[in-house]
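Descriptive structure summary
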Amino acid sequence: NTLLTASILQLFSMSDNVVLEEEYDPNYAPTQEEIHEYAEFLGMNAKDSDDVELLWIAEEGLKAPLPSEWKPCKSDEDDIYYFNFDTGESRWEHPCDEYYKKLYQTEKKKQAQQKQQKQQHVALSKIVNDFDSIFQTDLEK
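Calculation criteria
Residues numbered from 1 in each chain as written. Predicted model: local features only at pLDDT ≥ 70, side-chain atom pairs only at ≥ 80, totals over all residues. Heavy atoms only, no water. Patch = residues over 30% accessible without salt bridge, like charges linked within 9 Å, V, L, I, M, F, W, Y side chains within 5 Å. Areas by Shrake-Rupley, 256 points an atom, 1.4 Å probe, with all protein chains shown as cover. Salt bridge = Lys/Arg side-chain N within 4 Å of Asp/Glu carboxyl O. Lys, Arg positive; Asp, Glu negative; His and termini not counted. Charge placed at Lys NZ, Arg CZ, Asp CG, Glu CD. Buried < 20%, exposed > 50% of the residue type's maximum accessible area, 1.4 Å probe, protein only. Helix = DSSP H or I, 4+ residues; strand = E, 2+ residues; numbered from the N terminus. Arc of directions from axis to C-beta.

It is worth spelling out a negative patch on the surface at this point. Together, Asp16, Asp76, Glu77 and Asp79 make up a negatively charged patch on the protein surface. Using a relative accessible area of 60% as the deciding quantity, one classes glutamate 77 as exposed.

What follows covers helix H2 (residues 32-42). Those residues of H2 lying buried are Ile35, Tyr38, Ala39 and Leu42. Buried residues of H2, viewed axially, fall in a sector of 105°; they line one side. Summarising the geometry of H2, the exposed residues directed more than 90 degrees from the buried face are Glu33, Glu37 and Glu40. Following H2 by one or two positions, glycine 43 has its phi on the positive side, about 110°.

Here's what the structure looks like:
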């Protein structure tokens, strides 16, 4: 592991890539525009009232720090990417993006199931109320 890290650092020193330090601010409050942009990136539709209830996922994702083994890096073309110094993996997307995409999908499914259960409950309540009305009318005759 330390041998891999040393080899990677040597490669970085021979290229124009620069390892950056994450400037994590635990008090960071993303703007609504940032939240909506990231929500769209995660697959949400900010105009959908159901998805609006899940915007907390996008906000949480924007506030998430990099996992400790990952570092932001700048390529020789000034593009930002992420590098895992434990595994040697690099990626263009933030390492937590996949987690928040999956969290959104999971919460969206739960939301759909809850909505379906509520609709079934409402339908059942209507049947019971209709039955009670019919039964009450028959009793009054």
